Amino acid sequence: MIRTGEVVPLFFICKVSQRSRTVQFLLDSFHKAFLLLLHLDPQVFQIVWLSITVSFWSTIFSASVGLPVGTLLALRNFRGKSVVLLLLNTTMAAPTVVIGLFCYVLLSRIGPLGSLGLLFTPSGMVFGLFILATPIVANLTVAAIGSLDKRLMLTCELLGASPAQQFWLVIKEARFAVMAAVVIAFGRIVSELGIAMMLGGNIRGFTRTMTTAIALETSKGEFELGLALGFVLMAVALLINGLLFLVQKERSL
Amino acid sequence: MIASYSIRDITFSYLNQPALSINSLDIPASSVIALVGPNGAGKTTLLHLLAFLITPQKGSLSFLGTKVSTSDLVNLRRKVGLLPQNPYLFKCSVLENVAIGLKLRGFSRRESRKMAIEGLKKVRMEGYESRWPNSLSGGEAQRVALARTLVLNSEVFLFDEPANHLDLESVKRTEQLILDLNRNEKKTIVFTTHNLTFAQNLTDFVIHIFQGQIVPTAPYNLFRGQIQYGGKIFDTGAIQFNISKTTGQGTCLLVDPSKIYFSTKEEFVNLPNVFQGRIVSLSLLKNVVRIEALAGEKFEIHAPISLDISGFGIGKDVWFQVSPEAITLV
């Protein structure tokens, strides 16, 4: 509190007034964001729904390919296995914009998959996110199965399991870690920006997801919608981590 | 009667280390056979071979009169039930664990659960159906795995150290289960054990395995040493054996305890392989008197139970002769 007649340096006054303006602005933004969520704003709802749908299908496709590939890699020995594992690890660490660019080339008109017309569509985004998440699921599955008890395979064999039954029993035994792998992949997909931006194009009402919308709104200096979507994204992250926590808790039982 | 297994000239190696080498072995149908031998002798490898988990690199293996083909291993494995030494239980309930082998064989969920409950009753594990493996003790887990093997109702049962982790009462019960399987259901049973008494309680047909080979006796008197003087002398460092009339090849010498002639007086003059020692223990085995004597090395001698042992006592001197046919090089 500055009293009348008190000598106060000018820069201090400027700083205090600027800080209060920032706080006010943030409070306003939060208020408007909550109102958008509370009133189920159609634009927010559409963006959230598209994000969840795209992430869901990307996760399903990634799990469908990543789980069997990871299981086979963990169980079978073949020449060049270490090279395949190295490549998978590299893909896992690749920047998303590089994956986005690669997929863009594939899906663009002149690309090999250009005739499918997937560029700047939700399906195109699913494709790119599938490319992103499959190595994650495969790698985590390799790790999950690699850490299983060495007696498991012998037990499957001595019980008379066919190769397909062995495959299923192994995945079932690693189910907690495998579920964690899928949940982690979903988390990675739903929070991804580069691929969604490059392959979706951030088209309003068509390919605008939570992350691309947040990036756009922030660049425009309009934080309300961005913050509202940020809350939803955080809620999704909380839900995912909660699921992971429950899975790990059950695993430790 | 067709033999359950017929083995001819098989060899099996792990990473170029010979693990098993058997010239000839027939396991008659409906017999109970014990594989006895020290750790690393090759008992488990032989059991895995009989369970079709490994295939011999050389030689032939026949099962129920048919030569084993590598293309039909899954079906062959379904005809035998193997209980491993340290069984693995799946991360599911005890009941599901017992039912798992049945489900793999195409039994319905209902049938397999019903059979699993019966199996658990056999091993006295009723009431444990909904428990998870991590809440079981070592002995309880072993009994669950035993139930999982028994419910398969295979033609052949293979048990790797079935008395492992079990208390005395459970060992007795396991013995009874094995006997019942053989007597009532005419199953062929092969099991491994270190415990010769356990083996003798169940069967008279004991196969001794040492260094991957079938040896004529248990390696009670096993000596390690070097062959010298152009293959005539085996020197353990403490004593020397004349091996000029001995069969076999190898760096270890086995002496059959039932083929050692002994006396409490100085005898066997001018005979090869005569040793003087002192009795350190006397005990009664199933149908023999077991004498342990120290003569540079520790010898185990098996005497017939009809032997008059009035002159024997701990600390007394004993002279014994190891006959050439008692010695095997492995």
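Since the model is a prediction, treat every value here as computed from it, not as a measurement. (Residues numbered from 1 in each chain as written. Chains lettered and ligands numbered in written order. Predicted model: local features only at pLDDT ≥ 70, side-chain atom pairs only at ≥ 80, totals over all residues. Heavy atoms only, no water.)

1. Some details on the overall build of chain B
Worth spelling out the cut-off: Numbered from the N terminus, helices here are DSSP runs of H or I no shorter than four residues, and strands are runs of E no shorter than two. Type-normalised accessible area, obtained with a 1.4 Å probe on protein chains alone, sets the label of each residue: buried when under 20%, exposed when over 50%, and partly exposed for intermediate values. Between two residues, a contact is recorded if the distance between any of their heavy atoms is within 4.5 Å. All accessibility values rest on the Shrake-Rupley procedure with a 1.4 Å probe; residue burial counts only the protein chains present in the view. Only four residue types enter the charge count, namely Lys and Arg as positive and Asp and Glu as negative; His and the chain termini do not. Think of each charge as sitting on NZ of Lys, CZ of Arg, CG of Asp or CD of Glu.
In terms of regular secondary structure, chain B is built from seven helices and 22 strands. For the C-alpha atoms alone, the extent of chain B along its principal axes is close to 75 × 45 × 40 Å. Residue burial in chain B is summarised as follows: out of 330 residues, 52% are buried. Summarising the internal contacts of chain B: among those between residues at least 6 apart in sequence, 67% fall at separations of at least 24. When the accessible surface of chain B is split by element, carbon and sulfur atoms take 49% of a total near 15700 Å². Placing the 35 positive and 28 negative side-chain charges of chain B at their respective mean positions leaves the two points 7 Å apart.

2. Structural notes on helix α6 (residues 151–158) of chain A
Structurally, the α-helix is built with 3.6 residues per turn, so residues lying three or four positions apart point the same way. Considered for burial, the residues of α6 of chain A that qualify are Leu152, Thr155, Cys156 and Leu158 of chain A. Lining the buried residues of α6 of chain A we find α7 (163–173) of chain A together with α2 (73–77), β6 (80–83) and α5 (138–150) of chain B. Just downstream of α6 of chain A, Gly160 of chain A is the residue with a positive phi angle, here 85 degrees.

3. Concerning the sheet that holds strand β18 (residues 274–284) of chain B
Residue and element names in this part refer to chain B. Where we set the bar: In short, DSSP must find at least two bridges between two strands for them to pair. Axis definition: a line fitted to C-alpha atoms, over the contacting stretch in the case of helices. Angles run 0 to 180 degrees between N-to-C directions.
Across the sheet, five strands lie side by side as β17-β21-β18-β19-β20; this open sheet has antiparallel pairing. Every other strand in the sheet has two partners, leaving β17 (260–263) and β20 (297–304) as the edge strands with one partner each. Going from strand to strand, the sheet's axes swing by 40 degrees on average, the running direction of each strand aside. Relative to strand β21 (residues 317–322), β18 runs antiparallel, the two sharing five bridges. Each bridged residue has a counterpart across the sheet, and for Val274 the counterpart in β21 is Gln321.

4. A word on the interface of chain A and chain B
So the rule is basically this: Note: buried area is the sum, over both parts, of the accessible area (probe 1.4 Å) each one loses when the two are combined. Any carboxyl oxygen of Asp or Glu within 4 Å of a side-chain nitrogen of Lys or Arg constitutes a salt bridge here. Within 3.5 Å is the distance limit for a polar contact, defined as a pair of N or O atoms, with the added protein rule that one can donate a hydrogen and the other accept it, and that residues adjacent in sequence qualify only through two side-chain atoms.
Counting residues at the interface gives 20 residues for chain A and 22 residues for chain B. Both faces considered, chain A and chain B share a buried interface measuring about 1900 Å² in area, 61% of it formed by carbon and sulfur atoms. A per-residue breakdown of the area chain A buries against chain B is headed by Leu158, Leu159 and Glu173 of chain A, which together make up 34% of the total. In this structure, the connection of chain A to chain B is made through zero salt bridges. Counting across the interface, chain A meets chain B through nine residue pairs in polar contact (both at pLDDT 80 or more).

5. What to know about the domain arrangement of chain B
Residue and element names in this part refer to chain B. Heads up, the rule is: Annotation comment: domain bounds sourced from an automatic or database domain assignment. Residues are grouped as follows: Ala, Val, Leu, Ile, Met, Phe, Trp, Tyr, Cys and Pro are nonpolar; Asp, Glu, Lys and Arg are charged; all remaining types, including Gly, are polar.
Here chain B is described as being made up of domain 1 (3–215) and domain 2 (221–329). Domain 1 and domain 2 are separated by 36 Å when their C-alpha centres are compared. Contact residues are listed per partner, giving five residues for domain 1 and five residues for domain 2. Interface of domain 1 and domain 2: buried area, both sides summed, is about 520 Å²; carbon and sulfur atoms make up 59% of it. Ranking the residues of domain 1 by area buried against domain 2 places Gln200, Phe210 and Gln211 at the top, with a combined share of 66%. The interface formed by domain 1 and domain 2 includes zero salt bridges. Summed over the shared surface of domain 1 and domain 2, the result is zero residue pairs in polar contact (both at pLDDT 80 or more). Residue classes in the side of domain 1 that touches domain 2 are distributed as two nonpolar, two polar and one charged.

6. Comments concerning the packing of helix α3 (residues 94–104) of chain B against helix α4 (residues 109–122) of chain B
Relative placement of two packed helices is described by the angle separating their axes and the distance separating the axes. Residues and elements named next belong to chain B. Keep this limit in mind: Angular relationships are summarised with four words: roughly parallel below 35 degrees, roughly antiparallel beyond 145, roughly perpendicular across 65 to 115, and oblique for the angles in between. Each crossing gets its handedness from the near helix: less than a right angle anticlockwise from the far helix is left-handed, clockwise is right-handed.
It is at 8 Å that the axes of α3 and α4 come closest, and there the two elements cross at 120 degrees. Accordingly, the angle class assigned to the pair α3 and α4 is oblique. Like other packed secondary-structure pairs, α3 and α4 cross with a definite hand, here right-handed. Across the interface between the two elements, Val94, Leu95, Val98, Ala99, Leu102 and Lys103 from α3 touch Arg109, Ser112, Arg113, Met115, Ala116, Ile117 and Leu120 from α4.

7. Some remarks on the packing of helix α5 (residues 122–146) of chain A against helix α8 (residues 175–190) of chain A
Residue and element names in this part refer to chain A. As a packed pair, α5 and α8 sit with axes 9 Å apart at the nearest point and diverge in direction by 155 degrees. What the angle tells us is that α5 and α8 run roughly antiparallel. Once α5 is placed against α8, the crossing between them reads as right-handed. From α5, Leu129, Leu132, Ala133, Ile136, Val137, Leu140, Thr141 and Ala144 reach across to α8, where they touch Ala177, Val178, Ala181, Ile184, Ala185, Arg188 and Ile189. Grouping the amino acids of the contact of α5 with α8 by side-chain chemistry returns 13 nonpolar, one polar and one charged.

8. Quick notes on the side chain of Glu292 of chain B
Residues and elements named next belong to chain B. Relative to the assigned elements, Glu292 resides in strand β19 (residues 288–295). When its relative accessible area of 15% is taken as the criterion, Glu292 is described as buried. The contact partners of Glu292, leaving out residues within four places of it in the chain, are Arg278, Ile279, Val280, Ser281, Lys298, Phe299 and Glu300.

9. Considering the pattern of salt bridges
All names here are of chain B. In the structure shown here, the tally under the stated rule is ten salt bridges over all chains. Ionic pairing is found between Arg124 and Glu169, a salt bridge with its closest N-O pair at 3.7 Å. Taken together, the residues Arg124 in the loop between α4 and α5 and Glu169 in helix α6 (residues 168–185) connect sequence positions 45 residues apart. Glu292 is the salt-bridge partner of Arg290, the closest N and O atoms lying 3.7 Å from each other. Arg290 sits in the partly exposed class, given a relative accessible area of 24%.

10. Quick look at the packing of aromatic side chains
All names here are of chain B. Cut-off, in case you're wondering: Working definition: a ring pair exists when centres of Phe, Tyr or Trp rings (six-membered ring for Trp) sit within 6.5 Å. Plane angles under 30 degrees give stacked, over 60 give edge-to-face, the rest tilted.
A full pass over the atoms with the stated rule returns 17 aromatic pairs over all chains. With centroids separated by 6.2 Å and ring planes inclined at 35 degrees, the aromatic side chains of Tyr5 and Phe52 adopt a geometry described as tilted. Linking Tyr5 in strand β1 (residues 3–14) with Phe52 in the loop between α1 (43–50) and β4 (58–63), this pair joins segments that are 47 residues apart in sequence. The pair formed by Tyr5 and Phe52 is uniform in burial state, with each residue classed as buried. The interplanar angle of 90 degrees and the centroid separation of 5.0 Å between the aromatic rings of Phe12 and Tyr14 together place this pair among those described as edge-to-face. Judged by its relative accessible area of 41%, Tyr14 is partly exposed. Grouping aromatic residues by their ring pairs yields a cluster made of Phe223, Phe241, Phe275, Phe299 and Phe320.

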